[in-house]
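Structural overview for review
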Amino acid sequence: GTIDKYRDERFIKSGDLLWNSTGTGTIGRINIYRDELDEFKKVVADSHVTVVRLTGLCNEYVLNFLTNPSVQSRIEENASGTTNQIELNTTTVINQIFPLPPLAEQHRIVAKIDRLMARCDELEKLRAERNQKRITVHTAALDRLLNAKESDDFSTAWHFITQHFSELYSVKENVAELRKAILQLAVMGKLVPQDPTDEPASELLRAIAAEKQQLVKEGKIKQPKPLPEIKSDEVPYELPKGWEWVLFGDVANSRLGKMLDKSKNRGIPRPYLRNTNVQWHWFELSDIKQMKFEDEELDEFRVMPGDLLICEGGEPGRCAIWSDSSQEIYFQKALHRARPYSGVAGEYLQICLTIDAKTERLSRYFTGATIRHFPGDKLSKYVVPLPPTSEQQRIVAKIDQLMGLCDELEKQIDAATSKQTTLLNAVMAQV
C-alpha cells in the first residue's frame, strides 16, 4: 500500500519524541511514543508533528525538560505564523538549548522526578478527599438546616455549622452553597425573625388591589387580566404567619420591551437594554446599542430607577434592578420590565427569582426544550412567597450583610491559596 513507499527512517520508533509543531495553545505539546506491544506496526507522523529521535540520551530526561512551563512558553514565543495558525519550524527544534548532565545523572533525575510526581499525586488525592469530605458534611448540615421542622432542629444544625465554620468554609464550593442556603432561608421566612406587630401581607395585597384600580383609572396601566388561583402543588413549603403565597402579577406590573425592527422603527435613536446587558444583579453597560423610539413610546419603554429587568430568553429569569436616575435608557423585547407595587421591594423579588433559578424551580415556567423562554403570561403566574413589607426590608438588609460575609470568606480562601503558592515558590527558589 501507500505506506510502503516511505523509507525506514520515516517510521516512528518506540522512544521517539513526538512534538506538536502547529496550533495556538497546542504548539510545543510533546510526548514519548511507545509501541512495546507491536514492534512491527508501521506508523508515520503527519506534517504537523516533528519527530525527535535521540541518540545516547535519556528520552524521559529530555521530555521532562521540554514540558517545563517556562520552556513551553519560550517555544510559543519563538513560533512563527498568524494569530490563527502558528508553526514551530524544524530549525527552532534543532536549535533548542537545554542543560545536559551525564547520562547516569539524567536517569537519576528522571527517577527523582517520578518519585516526587507520585508524591504530588498522592498529596493532590488527599487534598481532594479532604475537600470532598468537607463538601459532603456541609451539604448534610445545610439539608438539616433547610428541612428543620422545629426551632430546636434548626438551632442544632446551625450550631454544628458555626462550630466547624473555619474548616467547612475553607473550600469555595461550600461558600457557593452557603450563598444559596441564605437565599433559600430568606424566602422560607427563616433568615430573620418575624415581628408580630408587622402589618400582614394579606393587608398589603388589599392595598395593592386598590392601587391597581387607581392606576387603571388614571390610565397609567391597563386593566390587569384575572389571574388563576394558586394550586396546592405550586406551594413547595409552609409559610410563617403573616406571609402569603402570591402570583408575580399580583405584586408587580410587568411588560416586554420594544421589538427591534429597523425597517419599521421610527423616531430618534436612543440607548436601550438587551438581554446581554442584564446580568445577575448588575448591568453590563460597556456595549449599549441604540434603536429608534417615537415620542409617544418614551414613557412606555423607558426604564426608571427601581425597575426590575428580567431576561425573557438566553438565561431566563436572570435579573437586575436599575438604579441610575441620571441615565436615559429604554428596553428591548428580550426583557421584561417589572415595576413592583407600593409595599413590595424589587430587591426581594430579585431574591425570589435568584434562588428559584438556582434550584431549577423557575424552569417550570419556561417554554421550549432546547431554547428556553420565560414569556409574559408565565411570569405573571410565577408563584412567590410574600412577607410583610417591613420583613421584606429586613430580609434584604440581612442578605446584603451575609453576602458581604461570603465575599470575605472567598477572599480568605484566595489569600490562603496565594500564600501557599508564595511559600512554595520561596522553597523552590532555594532548591
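Structure report, in brief. Small disclaimer: the values here were computed from a predicted structure and weren't measured. (Residues numbered from 1 in each chain as written. Predicted model: local features only at pLDDT ≥ 70, side-chain atom pairs only at ≥ 80, totals over all residues. Heavy atoms only, no water.)

So, about the overall build of the protein. From N to C terminus, the protein includes 13 helices and 16 strands. Relative to a compact globule of 431 residues, whose C-alpha radius of gyration would be 22 Å, the protein shows 31 Å and is clearly more extended. For the protein, the spread of C-alpha atoms along the three principal axes comes to 95 × 65 × 45 Å. Taken across its 431 residues, the protein has 38% of its residues classed as buried. Relative to all contacts within the protein whose residues are 6 or more apart in sequence, the contacts with residues 24 or more apart total 73%. Of the accessible surface of the protein, which amounts to about 25700 Å², a share of 52% is contributed by carbon and sulfur atoms. Here the protein contributes 57 positively and 62 negatively charged side chains, and the mean placements of these two sets differ by 2 Å. (Helix = DSSP H or I, 4+ residues; strand = E, 2+ residues; numbered from the N terminus. Rg over C-alpha atoms; globule rule 2.2 N^0.38 Å. Buried < 20%, exposed > 50% of the residue type's maximum accessible area, 1.4 Å probe, protein only. Contact = heavy atoms within 4.5 Å. Areas by Shrake-Rupley, 256 points an atom, 1.4 Å probe, with all protein chains shown as cover. Lys, Arg positive; Asp, Glu negative; His and termini not counted. Charge placed at Lys NZ, Arg CZ, Asp CG, Glu CD.)

Looking now at the packing of helix H1 (residues 59-66) against helix H4 (residues 103-146). Running from N to C, H1 and H4 point in directions that differ by 60 degrees, and their axes come no closer than 8 Å. By the angle class used here, H1 and H4 are oblique. The way H1 lies across H4 gives a crossing that is left-handed. Where H1 abuts H4, its residues Glu 60, Tyr 61 and Asn 64 lie against Gln 106, Ile 109, Val 110 and Ile 113. (Axes fitted to C-alpha atoms, helices over the stretch in contact; angles between N-to-C directions. Parallel < 35°, antiparallel > 145°, perpendicular 65-115°, else oblique. Left-handed = near helix turned anticlockwise from the far one by under 90°.)

Applying the stated criterion across every chain, the model contains 22 salt bridges. Residue Glu 360 pairs with Arg 372 through a salt bridge whose shortest N-O separation is 4.0 Å. Placement of Glu 360 in the loop between helix H11 (346-358) and helix H12 (376-380) and of Arg 372 in the loop between H11 and H12 is noted, with a sequence separation of 12 residues between them. (Salt bridge = Lys/Arg side-chain N within 4 Å of Asp/Glu carboxyl O.)

What follows deals with the sheet that holds strand E12 (residues 308-311). Pairing between sheet strands relies on hydrogen bonds along the backbone, with the strands arranged either parallel or antiparallel. Read from one edge of the open sheet, 4 strands run E7-E15-E12-E13, paired in antiparallel fashion. Edge strands, defined here as strands with exactly one partner in the open sheet, are strand E7 (252-256) and strand E13 (319-321). If you compare each strand with its neighbour and ignore which way they point, the axes differ by 20 degrees on average. Here 4 bridges tie E12 to strand E15 (residues 335-340), and the two strands are oriented antiparallel to one another. Directly across from Leu 308, in E15, lies its bridge partner Ala 338. On the sheet, H11 packs against E7, E12, E13 and E15 and is oriented at approximately 165 degrees with respect to E13. (Pairing = 2+ DSSP bridges.)

Tallied over the full model, the rule gives 10 aromatic pairs. Here the aromatic rings of Phe 65 and Phe 98 are separated by 5.9 Å at their centres, their planes lie at 40 degrees, and the arrangement is tilted. Taken together, the positions of Phe 65 in helix H1 and Phe 98 in the loop between helix H3 (90-94) and H4 put the pair 33 residues apart, joining distant regions of the chain. When the centroid spacing of 6.2 Å and the interplanar angle of 55 degrees are considered together, the rings of Phe 293 and Phe 301 count as tilted. Of the aromatic side chains, those joined through ring pairs into one cluster are Phe 293, Phe 301, Tyr 330 and Phe 331. (Phe/Tyr/Trp six-rings, centres within 6.5 Å; stacked < 30°, edge-to-face > 60°.)

Alignment of E7 against E15, held across 5 bridges, turns out to be antiparallel. The residue bridging Ser 254 from the neighbouring strand is Ala 338, located in E15.

Let us look at the nonpolar core. Grouped together as the largest cluster of nonpolar side chains are 64 residues, with contacts concentrated most on Phe 248, Leu 308, Ile 310, Tyr 348, Phe 374, Tyr 382 and Ile 399. Leave out the neighbours within four places in its chain, and Ile 310 touches Phe 248, Gly 317, Arg 318, Cys 319, Ala 334, Leu 335, His 336, Ala 338, Leu 353, Phe 374 and Leu 379. (Core = buried A, V, L, I, M, F, W, Y, C linked by side-chain atoms within 4.5 Å.)

Here the largest pocket is characterised by a volume of approximately 1400 Å³. In terms of lining residues, the largest pocket is bounded by 36 residues, among which Ile 221, Lys 222, Asn 253, Ser 254 and Tyr 341 are the most central. With 7 residues, helix H8 (residues 201-217) is the single largest residue contributor to the lining of the largest pocket. Within the lining of the largest pocket, the residues separate by chemical class into 14 nonpolar, 9 polar and 13 charged. (1 Å grid on protein atoms, 1.4 Å probe; cavity = no way out; pocket = protein on both sides within 12 Å on 5 of 7 lines; lining within 4 Å. Points joined across faces, edges and corners; volume = space filled by probe spheres on them. Nonpolar A, V, L, I, M, F, W, Y, C, P; charged D, E, K, R; others polar.)

Here the focus is unusual backbone geometry. Non-glycine residue His 281 carries a positive phi angle of around 75 degrees. Locating His 281 in the fold gives a position in the loop between strand E9 (278-279) and strand E10 (282-283). For His 281, a relative accessible area of 42% gives the class partly exposed. You will see that Glu 360, though not glycine, has its phi angle at about 70 degrees, which is positive.

Examined against the element boundaries, Glu 218 turns out to sit in the loop between H8 and strand E6 (244-247). Reaching out from Glu 218, the side chain makes a polar contact with the side chain of Gln 214 at a distance of 2.8 Å. A polar side-chain atom of Glu 218 sits 3.3 Å from a polar atom in the side chain of Lys 220. (Polar contact = N/O pair within 3.5 Å; in protein donor to acceptor, adjacent residues only side chain to side chain.)

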